[in-house]
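Letter by letter, the chains look like this.
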Amino acid sequence: MKVERFVKIWMGCVGLGLWPGLGVKAQLEADPPIVRTEQGLLEGVSGSGIKTFKGIPFAAAPVGDLRWKPPGDAPVWTGIRKADAFGPRAMQLSIYGDMFFRASGMSEDCLYLNVWTPASSGEEGYPVLVYFYGGGYRAGDGSEPRYDGESMARRGIVSVTVNYRLGVFGFMAHPELTAESNHAGSGNYALMDQAAALAWVRNNIHYFGGDPQRVTIAGESCGARSVCAQMASPLSKDLFSAAIGESGALMNSTIVPLSLSDAEALGLAFARLAGGKTLKELRGMPAEEILETSGLEGAPYFPPNVDNYFFPDYPSRIFAEGKQAKVPLLVGWNSMEMNHMFLFGQLEPTLDRYRRVLEELYGSHAMEALQMYPAQTDGEVVRAATDLAGDRFAGFNTWKWMELHRETGESPVFRYFYARPRPAMRSEIGPASPGFAGGIVRGETSEEPPAVVGAVHSAEIEYALGNLSTNRVYDWQPEDFRVSDVMQGFFENFIRSHDPNGPGLPSWPAANEDIRWQMHLDAESHSELDPHAERYDWLDRLPPALTHTPDPAIR
């Protein structure tokens, strides 16, 4: 920094009362905007009335001896810290074709968050949205354009995106880690990162003009599972006032927490694969080597576990016993969460093969399954198999979350069903086709992509957050922007008042009475009674082993 600029900033801060210890007050109208946090002064970026602060550390860097430990205290600094660029994304392999990062590289030092605010004085008390990205707990970042907070900020919402550790760095349990902890458990560091970010928001968001008592947490896929987790955990359930979950939950799911002993066994298996005989050796390995090992064939996948700390019990039991956060919940899923290939692979989806698949999945309940997901001809199989695959992947576990909270949460529950298919891809992006669960496969391929018969997994994110314009892959039509305006309006109202209803929007009854209402979101959105209630009731009556899909390749 040049001496002249330093003196200018120093004099300006003193004049504004911004220097530490001088009764600091936010000066968001300055150019560039400057705020004080509990850790020090931040200089953000201002544009068209929205102030952005990127790359804010909310916890200690989890490196060295802090690898595989709960997040430590955020660093404190002197002077003014620039907050004009996203921090590094968490260590991750390149997995999904629809992830585009604006982060400054990749590092274990990844615990940063970003704030978008419309405030000018810091005293407005705007409602707050904290959004957790999806990515199967293996990929994703708060810098992705689809999660950008500017559009919500223009609606009077202070918006926050949060980074958290992923994969082996975020979830590995190990007997030595359990032995060194003060709670006789290990793993779940990613979920603790999220809780630490929520604690930072509680302590600091008022400096940005946000109301720390009116914080809504939200996320899609494993971001939704994270919301479910934070609702269940005693570490965080008092740090927010409402929740939004899009397509995913931690019960009756492809991802459910393991027992601690099973999670530790996975950690020991990974240690053998990595060649680390002791925890000290594992912590001494370069992060890149750990990451590379995690991508080897046969490397274990690391889900959450009941670690006696973040999770004192299984989330399903916590919700069933009414021990979760008693907050309003807006929750839903999409009409094509998964395609028929989830059941058939590359085999042709014929009626005979569909019946054999049902027998393999449901045994003596196969005929019941055919009644719930009916197909009488080869031509009807794709639709039926798509519905079943989507429910096994995301629909049923999200429904179960909603039902448990509806029964024990003592708060309104609002359910949606999102059915708007994305438009065609833009021709200028070159050869590409839809990929797994809404991803993108770029380049020529000899395989015929699955037919799109609904809204794929993750399709609603840009609509809900008002970020269609950040995604140049699809040829958005006027109808898409109308759908986005309606869905974003619902989200805005829910974040503001914890009720999605408001002027100019279709009426959305709560689903916490005996009648299960849902909002059908499409070109013409409307409330309706759940047309598939019998289907989900049937799934709920099945033995749990028949509804937990043993497939870790999940977002």
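Values in this document were obtained by computation on a predicted structure and should not be read as measured data.

A. Spatial organisation of the overall build of the chain. Within the chain, the secondary structure is distributed over 17 helices and 18 strands. Here the C-alpha atoms of the chain give a radius of gyration of 23 Å, agreeing with the 24 Å that 2.2 N^0.38 yields for 555 residues. Dimensions along the principal axes, computed over C-alpha positions, put the chain at roughly 80 × 60 × 50 Å. Looking at the chain as a whole, 59% of its 555 residues qualify as buried. Expressed as a percentage of contacts within the chain between residues at least 6 apart in sequence, the contacts between residues at least 24 apart total 76%. Separation between the mean location of the 48 positive side-chain charges and that of the 69 negative ones in the chain comes to 5 Å.

B. Seen up close, the pairing of strand β6 (residues 112-117). The buried fraction of β6 amounts to six of the six residues, a majority that puts the element mostly inside the structure. Residue alternation in β6 divides its side chains into two sets, Tyr112, Asn114 and Trp116 and Leu113, Val115 and Thr117, and both sets are buried. Relative to β6, strand β4 (residues 50-57) is paired through five bridges, and the arrangement is antiparallel. Bridge pairing in β6 places lysine 51 opposite threonine 117. By the bridge criterion, four bridges tie β6 to strand β8 (residues 158-162) in an arrangement that is antiparallel. From the neighbouring strand, tryptophan 116 faces β8, where its bridge partner is serine 159.

C. Quick peek at the packing of aromatic side chains. Counted according to the given criterion, the structure contains 20 aromatic pairs. Between phenylalanine 86 and tryptophan 116, the ring centres sit 6.4 Å apart and the planes meet at 45 degrees, which makes this aromatic pair tilted. One end of the pair, phenylalanine 86, is in the loop between β5 (80-82) and β6; the other, tryptophan 116, is in strand β6, with 30 residues separating them in the sequence. For tryptophan 116, a relative accessible area of 2% puts it in the buried group. By the ring-pair criterion, three or more aromatic residues cluster together here, those being Trp333, Phe396, Trp399 and Tyr536. Between the NZ or CZ atom of arginine 67 and the centre of the ring of tryptophan 68, over which it lies, the distance is 5.5 Å. The aromatic ring of tryptophan 77 is capped on one face by arginine 81, whose charged end is 5.3 Å from the ring centroid.

D. View of the packing of helix α6 (residues 222-232) against helix α14 (residues 378-408). At their nearest, the axes of α6 and α14 sit 12 Å apart, and the two run at 25 degrees to each other. Put simply, α6 runs roughly parallel to α14. Here α6 runs over α14; the crossing is left-handed. Taking contact as the criterion, the partners of Ala224, Arg225, Val227, Cys228 and Met231 in α6 are, on α14, Phe393, Asn397, Trp401 and His405.

E. Inspection of the sheet that holds β4 at higher detail. Strand order in the open sheet made by the eleven strands is β3-β4-β6-β8-β7-β9-β10-β13-β14-β17-β18, with mixed pairing throughout. Strands at the two margins of the open sheet, each flanked by one partner only, are β3 (45-47) and β18 (526-529). Between one strand and the next, the sheet's axes are offset by a mean angle of 20 degrees, whatever the strand orientation. Against the sheet, α6 touches β7 (126-132), β9 (210-220), β10 (242-246) and β13 (329-334), its axis set at about 130 degrees to β9.

F. Representation of helix α17 (residues 533-541). Those residues of α17 that fall on the buried side of the exposure criterion are Ala533, Arg535, Tyr536, Trp538 and Leu539. Residues of α17 that are buried sit in contact with β13, α12 (351-362), α13 (366-372), α14 and β14 (413-418).

G. Inspection of the sheet that holds β5 at higher detail. The mixed open sheet is built from three strands, whose spatial order is β1-β2-β5. The sheet terminates laterally at β1 (34-36) and β5, the two strands that pair on one side only. Within the sheet, the average angular offset between the axes of one strand and its neighbour, ignoring direction, is 30 degrees. Judged from the three bridges that link them, β1 and strand β2 (residues 41-43) form a sheet pairing that is antiparallel. By the bridge assignment for β2, valine 35 is matched with leucine 42.

H. Spatial organisation of the environment of leucine 505. One can find leucine 505 in the loop between α16 (478-497) and β17 (517-521). Residues leucine 505 and valine 486, spaced 19 residues apart in sequence, show a C-alpha to C-alpha distance of 6.7 Å. Residues contacting leucine 505, with those up to four places away along its chain left out, are Val486, Gly489, Phe490, Asn493 and Pro500.

I. Quick peek at the nonpolar core. Residues Val130, Phe208, Met231, Tyr354 and Trp401 are the most contacted members of the largest nonpolar core, which totals 148 residues. Ranked by the residues each element gives to this core, the list is headed by α14, at twelve residues. Beyond its immediate stretch of four places on either side in the chain, methionine 231 contacts Lys237, Phe240, Ala243, Phe319, Gln324, Ala325, Val327, Leu329, Trp401 and His405.

J. Highlighting the side chain of aspartate 98. Inspection of the secondary structure assignment puts aspartate 98 in the loop between β5 and β6. Polar side-chain contacts of aspartate 98 include one of 3.4 Å to the side chain of arginine 146.

K. Spatial organisation of the state of the cysteines. Counted according to the given criterion, the structure contains zero disulfides. Among the cysteines around cysteine 222, which has no disulfide bond, cysteine 228 carries the closest sulfur, lying 11 Å off. Accessibility expressed as a relative area gives 0% for cysteine 222, which makes it buried.

Rules of the game
Residues numbered from 1 in each chain as written. Predicted model: local features only at pLDDT ≥ 70, side-chain atom pairs only at ≥ 80, totals over all residues. Heavy atoms only, no water. Helix = DSSP H or I, 4+ residues; strand = E, 2+ residues; numbered from the N terminus. Rg over C-alpha atoms; globule rule 2.2 N^0.38 Å. Buried < 20%, exposed > 50% of the residue type's maximum accessible area, 1.4 Å probe, protein only. Contact = heavy atoms within 4.5 Å. Lys, Arg positive; Asp, Glu negative; His and termini not counted. Charge placed at Lys NZ, Arg CZ, Asp CG, Glu CD. Pairing = 2+ DSSP bridges. Phe/Tyr/Trp six-rings, centres within 6.5 Å; stacked < 30°, edge-to-face > 60°. Lys NZ or Arg CZ within 6 Å of the ring centre and 35° of its normal. Axes fitted to C-alpha atoms, helices over the stretch in contact; angles between N-to-C directions. Parallel < 35°, antiparallel > 145°, perpendicular 65-115°, else oblique. Left-handed = near helix turned anticlockwise from the far one by under 90°. Core = buried A, V, L, I, M, F, W, Y, C linked by side-chain atoms within 4.5 Å. Polar contact = N/O pair within 3.5 Å; in protein donor to acceptor, adjacent residues only side chain to side chain. Disulfide = S-S within 2.5 Å.

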